[in-house]
Structures are given as structure tokens and as C-alpha cells.
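Coordinate analysis (summary)
What follows is each chain in one-letter form.
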Amino acid sequence: MQPQPIDTIFSEKRKKIDFAFNEEVVNVFSDMIKRSAPGYPTIIEQIGRFAPLFAENNSKIYDLGCSLGAISNALRHSIKTENTEIIAIDNSAPMIEKASQFFQLQDQVHDGLIPIHLKHDDITQVDFEPASIFVLNLTLQFIEPSERLALLSKIHQSLLPTGALFLSEKTYFHDPEEQAVLDDMHLAFKRANGYSELEISQKREAIENVMRIDSFEIHKERLHQAGFTRVYQWFQCLNFISIIALP
Ligand code: GEK
């Protein structure tokens, strides 16, 4: 196993450019997301545990904005249904390339995992097949806000009546005091994980135009508009939440 490269992208002063999931980011992505997103390992592990409650024989499972495939990997190890396939989609070519290498190696050493199909595509442009599970793990926040309802409606239409959507996001709070306290705690989380003030501020500036977050209330309202009847927040770690939405 190669040692995991450490994220030092914003450690030196650099010109402000919008954050992108390019080769530089993909190389350090595993380290970056664990050190920046509180609760990320727990969310991955728990979605893996809950997925068998909803997975159905003869259905698809979608991992949308799959990055390096952490969710797909957890689902592959927990779901044992028949004629089920994971479709993992990302619009970053280097992400899909690196994820493909990982799953090819995995298939060489593991028998009996459910098949996975990796696709380089834009999730707002893809037609979905009937599916028992959709996962949007920290992905919706990168979708143009005006396109979010259409995407969720399309997901709802393709979801089997016994299926589920797992939606995890960074969030904000309408109460300014709650927002300030949890934002400070998130800063403390990043400092404790070794990020300097320069890294934190440069990353913030780079990402502010591309990652536009919503509150839980906005997510809930939009999911209901998309047709979901039950929308529950099952996880929170500081300003990161995960929601389960049922048709
Ligand atoms: C994980 N789910 O490790 N179509 C497809 N992919 C997209 C689109 C789009 N329109 N927009 C953004 N992405 C992963 C983590 S990361 C979250 C998800 C983060 C992809 C983008 O290329 C990136 O790989 C992913 O969504 C967001 O569980 O970095 O904070």
C-alpha cells in the first residue's frame, strides 16, 4: 500500500482561483476530506450499515458525486442482494480514473462483492434506472442551487417505494449564535487536524463560489417538494449533517 499523500495545497500563499476537483486535489482527496469534514468516516461507515435495510434484488444503487468511491466501497461490503449493481458517477475525470484503479484491484482480491460501474458524467444530465438506494454524500452542495430541485425530483421518480435517499451536507443554522458557535468549533476541528490559518482562509476563499450550502430546513422543504414524504436528520457532527429521505 502506498502512504496516503497529505493535503498541503493551500499551505503556501497562492493566487485565488476557484476550487476544482482536479488532479492536484484528487491526489490528496482522502486526506483532505477526513481533515476537513467532521464526522466523514462515521457517515461512510453508518450508511454502509443502514443500506441493507433498503437494498432490493434486481435494482440499481447510485453513488452520486462518488469521488474516490468511499460510499460505494462501504455499500459493496454490506449489501448482499441479487442482481444489484452500484452505479457510481462523478464529473471529475481524475476522480473516476483513480476510483476505477481502486475497484479493479479490489475485484482482483475479493470475490462476491456486488458489481460496480463507474461513470464520468454530470449527475444533473444522467437518466436514472429504477433504484433502491441513492447516496448524495457531500455532493448536492456543489450542484447549482437552481438545479437541485430538478435533480432530487428525478431521484424521487426513480426510487422504488421501499427505497431511500441518503443526503449528507455541510450546513448552516438560521440562529446566528448557533451558526457562530458551530463555525468556531469547525475551525477548531481543522486546526486540530493540522491546518494552518493560511490554509484555512485560502481554502475558504477558493471554495466559496463553488460550494453553496443550505440549512436543514431548506433541504427538508426542497425534499418534500421533490416528492419525499419522510425526511429525517439521522446524523450531525458540528455543521455537517446527514439526512435520510423516504419516498
Ligand atoms: C465521498 N461522495 O467520498 N456531477 C457529478 N459529480 C459532481 C458534480 C456533478 N454535477 N458536481 C460535483 N461533483 C464523496 C465525496 S465530494 C465532497 C463527494 C467534497 C463531484 C465532485 O467532482 C466531487 O468528486 C464530489 O462531487 C464532491 O463520500 O469534496 O466536499
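Residues numbered from 1 in each chain as written. Predicted model: local features only at pLDDT ≥ 70, side-chain atom pairs only at ≥ 80, totals over all residues. Heavy atoms only, no water.

Within an unreviewed UniProt entry, the label attached to the protein chain reads Carboxy-S-adenosyl-L-methionine synthase, and the organism entered is Wohlfahrtiimonas larvae. In the Subunit (unreviewed entry) part of its UniProt record, the protein chain is described as follows: "Homodimer." In its Sequence similarities (unreviewed entry) section, UniProt records this for the protein chain: "Belongs to the class I-like SAM-binding methyltransferase superfamily. Cx-SAM synthase family." (UniProt positions renumbered as here; feature names shortened; annotations may be inferred.)

This part covers the environment of leucine 149. Within the secondary structure, leucine 149 is located in helix 5 (residues 145-158). A C-alpha to C-alpha distance of 6.4 Å links leucine 149 and arginine 222, two positions 73 residues apart in sequence. Excluding anything up to four places from it in sequence, leucine 149 contacts Arg222, Gln225 and Ala226. (Helix = DSSP H or I, 4+ residues; strand = E, 2+ residues; numbered from the N terminus. Contact = heavy atoms within 4.5 Å.)

Before going further, it helps to spend a moment on the site of the ligand. Neighbouring the ligand are 23 residues, the closest being Tyr40, Gly65, Ser67, Asp90 and Asn137. Backbone polar atom of isoleucine 123 to a nitrogen atom of the ligand: 3.0 Å apart, as the coordinates give it. Within the backbone of asparagine 137, a nitrogen or oxygen atom sits 2.8 Å from a nitrogen atom of the ligand. For the ligand, whose unbound accessible area comes to 660 Å², protein coverage reaches 93%. Put simply, the parts of the chain that give the shell around the ligand at least two residues each are helix 1 (23-36), helix 2 (40-50) and helix 3 (70-78). Of the residues assigned to the shell around the ligand, the class counts are 13 nonpolar, seven polar and three charged. (Near = heavy atom within 4 Å. Polar contact = N/O pair within 3.5 Å; in protein donor to acceptor, adjacent residues only side chain to side chain. Areas by Shrake-Rupley, 256 points an atom, 1.4 Å probe, with all protein chains shown as cover. Nonpolar A, V, L, I, M, F, W, Y, C, P; charged D, E, K, R; others polar.)

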